[in-house]
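# Notes for the structure review
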Amino acid sequence: MSHVLAVLEQRDGSLRKVSHEVVTGARRLADALGGEVHALVLGAGAISGTDAAGRFGADKVITATNAGFAQYAPEGYARAAAERAKAGGYGAVVLAASAQGKDLAPRVAAKLGMPLAADVTDLAVEGGAVVVTRPVYAGKALLKVKVTAGPAVVSLRPNVFTPVERPKAGAAETVVVPGDGGRVVVKGIKAAAGGALDVAEAPIVVSGGRGLKEPANFKLLEELAQAFGGKAAVGASRAVVDAGWRPHGDQVGQTGKTVSPSLYVAVGISGAIQHLAGMRTAKVIVAINKDKDAPIFKVADYGIVGDLFEIVPKLTEEIRKLNG
Amino acid sequence: MKIAVCIKRVADSETRVKIAADGKSLDDAGVKFILNPYDEFAVEEALRRKEQAGAGEVVVIACGPQTSQETIRTALAMGADRGVLLEAASVPADGLAVARALAAELQGGGYDLILFGKVAIDDSNHQVGPMVAELLDLPCVTCAAHLDLAGGRGTAEREVEGGMEEVEFPLPAVITVDKGLNEPRYPALKGIMAAKKKPLEVKPAALGTAGLEIVAMTLPPERKEGRIVGEGAAAVPALLQLLREEAKVL
Ligand SMILES: Cc1cc2nc3c(=O)[nH]c(=O)nc-3n(C[C@H](O)[C@H](O)[C@H](O)COP(=O)(O)OP(=O)(O)OC[C@H]3O[C@@H](n4cnc5c(N)ncnc54)[C@H](O)[C@@H]3O)c2cc1C
Ligand SMILES: Nc1ncnc2c1ncn2[C@@H]1O[C@H](COP(=O)(O)O)[C@@H](O)[C@H]1O
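As a starting point, this report considers the structure included with it. (Residues numbered from 1 in each chain as written. Chains lettered and ligands numbered in written order. Predicted model: local features only at pLDDT ≥ 70, side-chain atom pairs only at ≥ 80, totals over all residues. Heavy atoms only, no water.)

## Considering the pairing of strand β8 (residues 153–160) of chain B
Residues and elements named next belong to chain B. With six bridges joining them, strand β7 (residues 140–150) and β8 adopt antiparallel strand pairing. What sits directly across from leucine 149, in β8, is glycine 154. The antiparallel pairing of β7 with β8 creates a hairpin that spans two residues between the two strands, and glycine 151 there sits at a positive phi of about 55°. Sheet topology note: the β8/strand β9 (residues 163–170) ladder contains eight bridges and is antiparallel. Across the sheet, valine 160 pairs through a bridge with glycine 163, a residue of β9. The turn linking β8 back onto β9 is made up of two residues, and glycine 162 within it adopts a positive phi angle of 80°. (Pairing = 2+ DSSP bridges. Helix = DSSP H or I, 4+ residues; strand = E, 2+ residues; numbered from the N terminus.)

## Quick look at the interface of chain B and chain A
Every contact between the two is made by 77 residues of chain B and, on the other side, 83 residues of chain A. A combined buried area of about 6900 Å² lies between chain B and chain A, and 57% of that area is made up of carbon and sulfur atoms. Its largest share of buried area at the contact with chain A, chain B owes to Glu134(B), Glu161(B) and Arg223(B), together 12% of the area lost on that side. Glu159(B) is the salt-bridge partner of Lys257(A), the closest N and O atoms lying 2.6 Å from each other. One can count 38 residue pairs in polar contact (both at pLDDT 80 or more) joining chain B with chain A. Only α3 (95–106), α4 (128–136), β7, β8, β9, β12 (212–218), β13 (227–231) and α6 (236–246) of chain B provide two or more residues apiece to the side of chain B that touches chain A. Here the residues of the side of chain B that touches chain A are counted per class, giving 38 nonpolar, 14 polar and 25 charged. For strand β18 (residues 302–305) of chain A and β13(B), the ladder comprises four bridges, and the chain directions are parallel. Paired with Ile304(A) across the strands is Gly230(B), a residue of β13(B). (Contact = heavy atoms within 4.5 Å. Buried area = accessible area lost by both parts, 1.4 Å probe. Salt bridge = Lys/Arg side-chain N within 4 Å of Asp/Glu carboxyl O. Polar contact = N/O pair within 3.5 Å; in protein donor to acceptor, adjacent residues only side chain to side chain. Nonpolar A, V, L, I, M, F, W, Y, C, P; charged D, E, K, R; others polar.)

## Digging into the sheet that holds strand β11 (residues 152–156) of chain A
Residues and elements named next belong to chain A. Ordered by their spatial adjacency, seven strands build an open sheet running β7-β11-β6-β1-β4-β5-β12, and the pairing between neighbours is parallel. Among the strands making up the open sheet, the edge pair consists of β7 (116–120) and β12 (171–176). For this sheet the average axis-to-axis angle between neighbouring strands, irrespective of direction, equals 20°. As judged from the six bridges shared by strand β4 (residues 37–43) and strand β5 (residues 60–65), these two strands associate in the parallel manner. Within β5, the residue paired with glycine 43 across the bridge is threonine 65. Sheet contacts for helix α3 (residues 74–88): β1 (4–7), β4, β5, β6 (92–96) and β12; angle to β4, the most-contacted strand, approximately 155°. Across the sheet, helix α4 (residues 99–112) touches β1, β6, β7 and β11, and the angle it forms with β6 is around 160°. (Axes fitted to C-alpha atoms, helices over the stretch in contact; angles between N-to-C directions.)

## Overview of the packing of aromatic side chains
Across all of its chains, the model carries three aromatic pairs over all chains by this definition. Summarising the aromatic geometry, the rings of Phe69(A) and Tyr77(A) are spaced 5.0 Å apart at their centres and angled 65° between planes, so their arrangement reads as edge-to-face. Look at Phe69(A) and you get buried, because its relative accessible area is 0%. Plain terms: the ring middles of Tyr38(B) and Phe41(B) are 6.1 Å apart, the flat faces sit at 50° to each other, and that makes the pair tilted. You can see Tyr38(B) and its partner Phe41(B) sitting in helix α1 (residues 37–53), three residues apart, about one turn around the helix. Residue Tyr38(B) is classed as buried on the basis of its relative accessible area of 6%. Here the aromatic residues Phe69(A), Tyr72(A) and Tyr77(A) are joined through ring pairs into a cluster of three or more. For Lys2(B), the ring lying beneath its charged end belongs to Tyr111(B), and the centroid distance is 4.8 Å. Of note, Arg9(B) hangs over the ring of Phe33(B), and the distance from its end group to the ring centre comes to 3.8 Å. (Phe/Tyr/Trp six-rings, centres within 6.5 Å; stacked < 30°, edge-to-face > 60°. Buried < 20%, exposed > 50% of the residue type's maximum accessible area, 1.4 Å probe, protein only. Lys NZ or Arg CZ within 6 Å of the ring centre and 35° of its normal.)

## Some thoughts on the nonpolar core
If you look at the biggest cluster of nonpolar residues, it comprises 98 residues, and the most contacted ones within it are Val5(B), Leu102(B), Leu106(B) and Ile175(B). Looking at this core, the element that brings in the most residues is α3(B), giving seven residues. Not counting residues within four places of it along the chain, the set of residues in contact with Leu106(B) comprises Ala4(B), Cys6(B), Ile61(B), Tyr111(B), Ile114(B), Val132(B) and Leu136(B). Val4(A), Val22(A), Ala141(A) and Val154(A) belong to the second largest nonpolar core, which has 44 residues in total. (Core = buried A, V, L, I, M, F, W, Y, C linked by side-chain atoms within 4.5 Å.)

## Details of the site of ligand 1
Residues in contact with ligand 1 amount to 28 residues; listed here are only the nearest, Arg210(A), Ser237(A), Thr255(A), Ser270(A) and Asn289(A). At the site occupied by ligand 1, nearby residues are drawn from chains A and B. A distance of 2.7 Å separates a nitrogen atom of ligand 1 from a polar side-chain atom of Thr255(A). Interatomic distance of 2.6 Å between a side-chain N/O atom of Ser270(A) and an oxygen atom of ligand 1. Put simply, the parts of the chain that give the shell around ligand 1 at least two residues each are α6 (238–242), α7 (273–279) and α9 (308–323) of chain A. Of the residues contributing to the shell around ligand 1, the split by class is six nonpolar, 15 polar and seven charged. (Near = heavy atom within 4 Å.)

What follows is the structure, encoded as structure tokens:
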């Protein structure tokens, strides 16, 4: 029997939603290992939303505070998480493969002298060992990997582990972390224009390609995204990012972001292999393209053939009606 | 400025993946290998920093099979001064093992800056840079898309969900670089000729034991063939009905 440490993520004093996924993944391991989930949140003070950790299966929620932890403090967070992991004798440590988690997890693993199974899309316990699945070669292959050293440090690809309610005590505990935030200091986050949802995290992504004809026409996709009521982000193909129509952070694909939303709508995108690499794990794919032979239709669950300039406004109108 | 850049030889992004007979690795017959694209940004950044400083040395280090010498030559042709190959029959799946071998080479090298790509496009481990930083106890910023260095300190910007994070740090430091930092140069013919004569040292990699064991490599499940709902705006209501009732995503 061993417990699992779930390292959660907060921003501006609120728990981020990806943390629910981390608790869910940790719960799955803990059930298999016959142990508890202890959730660790790092911050400058109390963090709002940590009660959710109990709802998704944390037996205990530890808030570790330090005056230097208001913003992400790479070195301070890594030290605090690694020390907690060591002190608790955990069988596994689970983090998110979010922007912060991708920075934090390797540091924690190295401090523990343990390997990191990064960006996993599935995890289980087989014969007492943690076994994970992780996409490699830009999603063109899947690697099944056994972690032979412990504690197993694992980071979870966002949007893959659907949060499952598994109410546990969620007993709260606060500890003060000595020392400072470390040598690397985060001054703040310059919000992207519109403070929009990130494509890597949005449950719905509406992406546009060269078929949009010019940058101003992305307004059509922004309106469609808005119609989904704050759940959708606008993504882009590399062709339009390279052309300077959209910021690089919106690019979906091999050299952009990998997204796994529940709904991906590809508008005026041909479906090149490098684009598919970034979105083929979406739960449902819809394609709108005037060319019935466009490769995007090969991976799309549902397609509409025709002119996007007629179809998208109609779709926006219908979605608005639906969401009333 | 003395700068080290860790570079990896990887299968080209357009590779059609075929699984090898062992069921655990890529069948590399006919596969083209390249310098990891993010490492190209790192090499370019190192060269620019050295050029700006007017003096210094850029050392490129790769851990991998003998064939990684070609990758090192590519970086030398871009303008790096010398290369080190930490030879290993294959690169382990465990990024910490790779980081240990690189850290052993970097230790005591007196580098002002140690650069990495943010991720290798083959294993997508996204970890070796910050692990090396931990092993060497150096400050580290990952995924820098913008970098300013002056007076022994640096500021960087890195993309996070919904914005750009601004980070300050002291030098020497480990930086992993993202796309957008610069436009890598192409090696000129003169550079390619010069690269052949530049020093390239080969020594065994001190990998230690790996803590990750590959069980299997498989192709991802094919998405099942979808369907064309219809043509033009008239098909929108049918699409919505399917999304609601069949796919249940609305
Ligand atoms: C190393 C490498 C990495 C790459 N990485 C990425 C990546 O990360 N992401 C990425 O997206 N690409 C990537 N690419 C580029 C990729 O190969 C394609 O070139 C790119 O995805 C094409 O973008 P597109 O679909 O917008 O444009 P196009 O291929 O030009 O497609 C435009 C589509 O719009 C349709 N269309 C035109 N007008 C209309 C209309 N009025 N109504 C409806 N449909 C219309 C057309 O039928 C066409 O299918 C990469 C390439 C390389 C070599
Ligand atoms: N075998 C290797 N040899 C040299 N550098 C490497 C090696 N593997 C990874 N790196 C460096 O670490 C970065 C991140 O790789 P990874 O953690 O494997 O995704 C790469 O962009 C390289 O800069």
